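# Report on the structure
The residues making up each chain are set out below.
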Amino acid sequence: MGVAITLQQVSRTYGSAKALHEVSLEFPAGGTTALMGHSGAGKSTLLQLIGGMDLPDSGEIRVDGQALPRRGLDGHRRRIGFVFQRFHLLPALSAVDNVLAPVLPYRVSFDRKARARELLAAVGLADRERVLPSELSGGQQQRVAIARALIGRPPLLLADEPTGALDSGTGREIVDLLLRLRDQYGMTMIIATHNPELAATCDRLIRLADGRVVGDDAILPAADVLDRIGRLG
Ligand code: ADP
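Now for a quick tour of the structure. (Residues numbered from 1 in each chain as written. Predicted model: local features only at pLDDT ≥ 70, side-chain atom pairs only at ≥ 80, totals over all residues. Heavy atoms only, no water.)

The subject of this paragraph is the sheet that holds strand β9 (residues 204–209). If you trace the six strands from one edge of the open sheet to the other, you get β6-β7-β8-β3-β9-β10, paired in mixed fashion. In this open sheet, the two strands that pair with only one neighbour each are β6 (80–83) and β10 (212–218). The average angle at which neighbouring strand axes cross in this sheet is 15°, direction not considered. Note: strand β7 (residues 156–160) against strand β8 (residues 188–192), five bridges, orientation parallel. Note on β8: the bridge partner recorded for L157 is M189. The strands touched by helix α5 (residues 138–149) are β6 and β7; relative to β6, the strand with the most contacts, the crossing angle is about 165°. (Pairing = 2+ DSSP bridges. Helix = DSSP H or I, 4+ residues; strand = E, 2+ residues; numbered from the N terminus. Axes fitted to C-alpha atoms, helices over the stretch in contact; angles between N-to-C directions. Contact = heavy atoms within 4.5 Å.)

Rendered as structure tokens:
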């Protein structure tokens, strides 16, 4: 199951730029949240802090109630899957080797290769195990990157503009895939995006502007909205 994330008064400044200013938020376990806001609003900074790739200047981040330490974040990072806009696959490695690369340095209790193959099948690339990233389309490369993000069965998936480098049809396929995998593996998901269609498929939309939260709304599934309108009528 997913983990719950809590931010209390989290701030991060780069030089004179206040990337985040006293942000307090709760992400319940298993929720899917879209982060929107103009470029420079602080979305990536928020994801990097939650992912333990950067440290706040002040404030606290809790995972299932446990405050993240300022040192020794390796264990936390290993429990997170990260998907980027530009895939970041290793060009000299085959698709299956890219998927298992994150767990290569670690002793693990599962068969790495078998799991990598299983995940490639789950993202619809069972027949492309041996190919190099350069032989794959953008959408296929993002599928490999998503499989790679899931190799450690993370309870938290962070995605920074996962459809930003893709055309709208391919982007839609990636959104469908992410939602299907969330249902299958039950993780908490936080997705920074400029794509309103992607945001609408999440169950919550947080808007950031200049490092502050300026909107935080539940998104009702269309069926629920129609049901409510029906009952009102
Ligand atoms: P977004 O993801 O919404 O585009 P970012 O979190 O990348 O926003 O950036 C928020 C602010 O912090 C911007 O003003 C950006 O220029 C600044 N910033 C982010 N990362 C760095 C960094 N590594 N060094 C200096 N400034 C940064």
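Another aspect to go through is the site of the ligand. Near the ligand the following residues occur: Y14, A19, H38, S39, G40, A41, G42, K43, S44 and T45. Note that an oxygen atom of the ligand is positioned 2.8 Å from one of the backbone N or O atoms of S44. Protein contact buries 57% of the 560 Å² of open area that the ligand shows by itself. Per-element accounting of the shell around the ligand gives the leading share, three residues, to helix α1 (residues 43–50). Within the shell around the ligand, the residues separate by chemical class into three nonpolar, six polar and one charged. (Near = heavy atom within 4 Å. Polar contact = N/O pair within 3.5 Å; in protein donor to acceptor, adjacent residues only side chain to side chain. Areas by Shrake-Rupley, 256 points an atom, 1.4 Å probe, with all protein chains shown as cover. Nonpolar A, V, L, I, M, F, W, Y, C, P; charged D, E, K, R; others polar.)

Next up on the list: helix α6 (residues 168–185). Given a rise of 1.5 Å per residue, 18 residues ought to cover 26 Å, and the 25 Å separating the end C-alpha atoms of α6 matches this to within 8%. Three or more residues of α6 are buried, namely T170, G171, I174, V175, L177, L178, L179, L181 and R182. At its buried positions, α6 is contacted by β3 (32–36), α4 (112–122), α5, β7, β8 and α7 (196–200). Capping the start of α6 is the job of one residue whose side-chain oxygen sits 3.1 Å from the backbone nitrogen of G169: D167. Note on α6: the residue one or two positions beyond its end, G186, has a positive phi of about 65°. (Expected span 1.5 Å × (residues − 1). Buried < 20%, exposed > 50% of the residue type's maximum accessible area, 1.4 Å probe, protein only.)

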